[in-house]
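What the coordinates show
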Amino acid sequence: MLLPLIVALIYGDKINCFLITIAALLVSGFVLTRFKPENKTIYSREGFMIVSLGWILMSMFGALPFYLGGAIDTYVDALFESVSGFTTTGASILTNIEAVNHSLLFWRSFTHWIGGMGVLVFVMAVLPLAGGGGNLYLMRAESPGPDVGKLVPKSISTARILYGIYLIMTIVEIILLKVSGVSFFDSVTLSFGTAGTGGFGVRNDSITSYATGVQVIIGIFMALFGVNFNLYFMLLCGKIKDVLKSEELRTYLIIMFTAIFIIAVDIRNRFASGAMAFHTAAFQVSSVMTTTGFTTADFNQWPELSKMIMLIVMCVGGCAGSTGGGIKVARIILLVKNAKKEFKRLIHPRSVSIIRFDGKRVSNEVAQSTNVYLTLYMIVFVCSIILISFDNKDMTSNVTGVIATFNNIGPGLGIVGATGSFAPYSALSKIVFIIDMLLGRLEIYPLLLMFSTKMKSKRILEKV
């Protein structure tokens with residue numbers, strides 16, 4: 001809260017909303033530190049619990065500045081905005097963003113940067129935790145992707161490397177945007193939104209009114225932040241050939257460029273030139289596939305083919321180990337390979353098939369957890385649509401609203417499109433969307449396992 005407090009002082013905004021929140025955090029933090037367990041060892045159960053409760057409480061406190069500052073009238077709406085920020089969703093209930101003061105706009109975008117790489121990963125990078133392997137259990141619970149390992153022997157070192165890369169890329173984007181003529185405030189907030197693949201802008205039209213060169217910079221960085229950060233570490237180690245051999249990276253780029261080409265051709269007649277059609281398609285596909293949510297065009301008005309392609313890449317999402325949301329490219333690859341394995345088994349019942357990913361054998365536990373994840377994904381998706389249907393909104397808005405929040409994208413179609421917001425929905429529906437955003441960011445398991453009483457501390461879901 002100190003950074004937005006400083007911004008408030010610089011721009012002459014009211015600081016009470018931040019001071020009260022800081023006081024509440026200090027008091028609650030002091031009280032909680034009075035209770036110290038005898039055994040500080042963290043296993044998988046504790047890791048899932050810490051991550052789940054940590055994100056819920058963080059979002060609840062993060063909503064206070066919006067509510068106390070008067071930018072948002074109800075606490076549920078403020079909580080929606082806070083959760084949307086931390087989970088890097090970018091969905092909003094605000095209808096006039098430019099009416100919000102600088103400090104709250106900064107806090108709104110800063111939540112993206114905090115939540116992008118993971119709050120507890122950041123804590124691990126700064127403060128070593130007791131309990132030996134507990135750090136890795138926290139990373140597994142909070143970091144996106146079907147499998148999270150260590151880049152180096154120590155988890156703390158891994159966290160520092162990840163955040164180092166994350167910080168450097170953010171600073172580079174800030175510099176490039178500033179050199180391109182964007183104000184320093186806008187450069188910082190837009191870079192926070194890009195780095196966390198969140199999508200909160202500081203203008204009502206998102207990115208539309210910025211120069212084409214600025215849009216190109218943001219579009220490229222959105223795609224870069226959607227790549228597995230392990231690959232950047234490999235580049236730093238000089239393992240360029242290993243990066244080029246990455247099956248997930250190739251698939252990610254193939255899906256992205258195929259979608260761009262199809263949409264560019266489909267929307268060509270809406271633009272003065274093919275170059276502009278390609279630029280618009282490239283920006284929107286990069287934004288939606290990486291689940292950032294910045295917009296330069298109202299794709300709600302595009303032809304049906306383009307809208308369908310956009311919905312598909314919304315669900316696919318970015319790479320595992322990136323700041324992007326969605327199902328993840330790695331899971332899509334594993335699901336396809338698992339399907340091929342089952343087809344082969346049906347034709348040749350006695351054959352033994354092995355699933356390989358980047359040349360390495362994929363264990364049955366990882367393959368099974370991928371299938372379970374997809375099953376849970378569909379169950380949550382269907383239940384969410386049913387619950388928000390009580391608001392009697394149109395089906396397009398309901399379905400894409402759930403897709404946009406569950407996959408941490410931001411805008412959908414219909415009333416939740418690029419020019420709309422989630423404000424028309426009732427408090428109940430907003431709570432459903434809030435739960436979807438948290439489930440999507442933490443990838444379902446931590447929140448569901450928080451309510452499980454049968455979890456074994458050391459063994460359950462080690463491979464999830």
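Right above here is the structure, for reference.
So, a few notes on the structure that sits alongside this text.

1. Some details on the overall build of the protein chain
- Each helix and strand in the protein chain was counted, giving 21 helices and 2 strands.
- Within the protein chain, residue pairs in contact and separated by at least 24 positions form 69% of the contacts whose partners lie at least 6 positions apart.
- Carbon and sulfur atoms provide 67% of the accessible area of the protein chain, an area that totals close to 20600 Å².

2. Structural notes on the pattern of salt bridges
- The final tally for this structure, using the stated rule, is 8 salt bridges.
- Here Asp77 and Lys430 are joined by a salt bridge, their closest N and O atoms 2.7 Å apart. In this pair, Asp77 sits in helix H5 (residues 75–86) while Lys430 sits in helix H20 (residues 427–441), placing the two residues 353 residues apart along the sequence. As far as the burial class goes, Asp77 and Lys430 line up, both buried.
- Salt bridges sharing partners connect three or more residues here, namely Lys328, Arg331 and Glu443.

3. Let's talk about the side chain of Thr296
- Mapping Thr296 onto the fold places it in the loop between helix H15 (274–289) and helix H16 (304–316).
- On the basis of relative accessibility, which here comes to 13%, the residue Thr296 falls in the buried class.
- Setting aside chain neighbours within four positions, we find Thr296 in contact with Ile207, Thr208, Gln215, Thr280, Phe283 and Gln284.

4. Details of a nonpolar patch on the surface
- A cluster of nonpolar side chains, Leu3, Ile6, Ile10 and Tyr11, forms an exposed patch at the surface whose accessible area comes to about 390 Å².
- Relative to the elements of secondary structure, Leu3 occurs in helix H1 (residues 2–11).

5. Thoughts on helix H2 (residues 16–32)
- Helix length check: H2, at 17 residues, gives a terminal C-alpha distance of 24 Å against a target of 24 Å (1.5 Å per residue), a fit within 8%.
- Those residues of H2 that sit buried are Cys17, Phe18, Thr21 and Ile22. Projection of H2 onto a plane perpendicular to its axis shows the buried side chains occupying an angular sector of 125°, all on one side. The exposed set on the far side of H2, more than 90 degrees from its buried face, consists of Asn16, Leu26, Val27 and Phe30.
- Structurally, H2 contributes buried residues whose contacts are with H1, helix H3 (44–62), helix H4 (64–68) and helix H6 (102–117).

6. Section: the nonpolar core
- Judged by nonpolar contacts, the single largest core of 126 residues is most densely connected at Ile218, Phe229, Tyr252 and Phe422.
- Ignoring any residue separated from it by four or fewer positions in sequence, one finds Phe422 in contact with Phe80, Ala91, Ser92, Ile93, Gly401, Ala404, Thr405, Gly410, Val416, Lys430 and Phe433.

7. Some points on the packing of aromatic side chains
- Taken as a whole and judged by the stated rule, the model has 25 aromatic pairs.
- Between Tyr373 and Tyr445 the ring centres are 6.3 Å apart and the planes differ by 40°, which places this aromatic pair in the tilted class. Taken together, the residues Tyr373 in helix H18 (residues 364–388) and Tyr445 in helix H21 (residues 445–449) connect sequence positions 72 residues apart. The residues Tyr373 and Tyr445 share a single accessibility class, namely buried.
- Taking NZ or CZ as reference, Arg331 lies 3.7 Å from the ring centre of Tyr373, over its face.
- Here Lys393 stacks its cationic end above the ring of Tyr425, 5.4 Å away from the centre of that ring.

8. Looking at the packing of H5 against H6
- Between H5 and H6, the shortest axis-to-axis distance is 6 Å and the interhelical angle comes to 40°. What the angle tells us is that H5 and H6 run oblique. Facing Glu81, Ser84, Gly85 and Phe86 of H5, the residues of H6 in contact are Trp107, Arg108, Thr111, His112, Ile114 and Gly115.
- Its residues assigned to classes, the contact of H5 with H6 comprises 3 nonpolar, 5 polar and 2 charged.

9. Some words on the environment of Val119
- As for its position among the elements, Val119 is in helix H7 (residues 119–126).
- The class of Val119 is buried, set by a relative accessible area of 17%.
- A sequence separation of 68 residues divides Val119 from Val51, and the C-alpha atoms of the two residues are 9.0 Å apart.

10. Things to note about the environment of Ser92
- As for its position among the elements, Ser92 is in the loop between H5 and H6.
- We classify Ser92 as buried; its relative accessible area is 11%.
- Leave out the neighbours within four places in its chain, and Ser92 touches Phe80, Glu81, Arg108, Phe200, Ser421, Phe422 and Ala423.

11. Digging into the packing of H1 against H6
- Two elements in contact, H1 and H6, have axes whose closest approach is 8 Å; the angle formed by their N-to-C orientations is 155°. Regarding the angle of H1 to H6, the classification is roughly antiparallel. Remark: the crossing between H1 and H6 carries right-handed chirality. Judged by residue contacts, Leu3, Pro4, Val7, Ala8 and Tyr11 of H1 engage His102, Ser103, Phe106, Trp107 and Phe110 from H6.
- Looking at the contact of H1 with H6 residue by residue, the class counts come to 8 nonpolar, 2 polar and no charged.

12. Notes on the side chain of Glu443
- For Glu443, the position within the fold is in the loop between H20 and H21.
- We classify Glu443 as buried; its relative accessible area is 4%.
- Separated by 2.8 Å, the side chains of Glu443 and Lys328 make a polar contact.
- Of note is the side chain of Glu443, whose polar atom sits 2.8 Å from the side chain of Arg331.

13. What to know about H18
- A rise of 1.5 Å per residue sets the reference length of H18, with its 25 residues, at 36 Å; its end C-alpha atoms lie 36 Å apart and thus fit the reference within 8%.
- Along H18, the residues classified as buried are Val366, Ala367, Ser369, Thr370, Tyr373, Tyr377, Val380, Phe381, Ser384, Ile385 and Ile388.
- Next to the buried residues of H18 lie H16, helix H17 (329–347), helix H19 (395–406), H20 and H21.

14. Let's talk about unusual backbone geometry
- At Thr197, a position not held by glycine, the phi torsion is positive, near 45°.
- Among the secondary structure elements, Thr197 is positioned in the loop between helix H10 (184–195) and helix H11 (212–225).
- A relative accessible area of 0% means that Thr197 is categorised as buried.
- Non-glycine residue Asn408 carries a positive phi angle of around 60°.
- Within the secondary structure, Asn408 is located in the loop between H19 and H20.
- Asn408 gets classed as buried once you look at its relative accessible area, which sits at 1%.

Conventions we followed
- Residues numbered from 1 in each chain as written.
- Predicted model: local features only at pLDDT ≥ 70, side-chain atom pairs only at ≥ 80, totals over all residues.
- Heavy atoms only, no water.
- Helix = DSSP H or I, 4+ residues; strand = E, 2+ residues; numbered from the N terminus.
- Contact = heavy atoms within 4.5 Å.
- Areas by Shrake-Rupley, 256 points an atom, 1.4 Å probe, with all protein chains shown as cover.
- Salt bridge = Lys/Arg side-chain N within 4 Å of Asp/Glu carboxyl O.
- Buried < 20%, exposed > 50% of the residue type's maximum accessible area, 1.4 Å probe, protein only.
- Patch = residues over 30% accessible without salt bridge, like charges linked within 9 Å, V, L, I, M, F, W, Y side chains within 5 Å.
- Expected span 1.5 Å × (residues − 1).
- Arc of directions from axis to C-beta.
- Core = buried A, V, L, I, M, F, W, Y, C linked by side-chain atoms within 4.5 Å.
- Phe/Tyr/Trp six-rings, centres within 6.5 Å; stacked < 30°, edge-to-face > 60°.
- Lys NZ or Arg CZ within 6 Å of the ring centre and 35° of its normal.
- Axes fitted to C-alpha atoms, helices over the stretch in contact; angles between N-to-C directions.
- Parallel < 35°, antiparallel > 145°, perpendicular 65-115°, else oblique.
- Nonpolar A, V, L, I, M, F, W, Y, C, P; charged D, E, K, R; others polar.
- Left-handed = near helix turned anticlockwise from the far one by under 90°.
- Polar contact = N/O pair within 3.5 Å; in protein donor to acceptor, adjacent residues only side chain to side chain.

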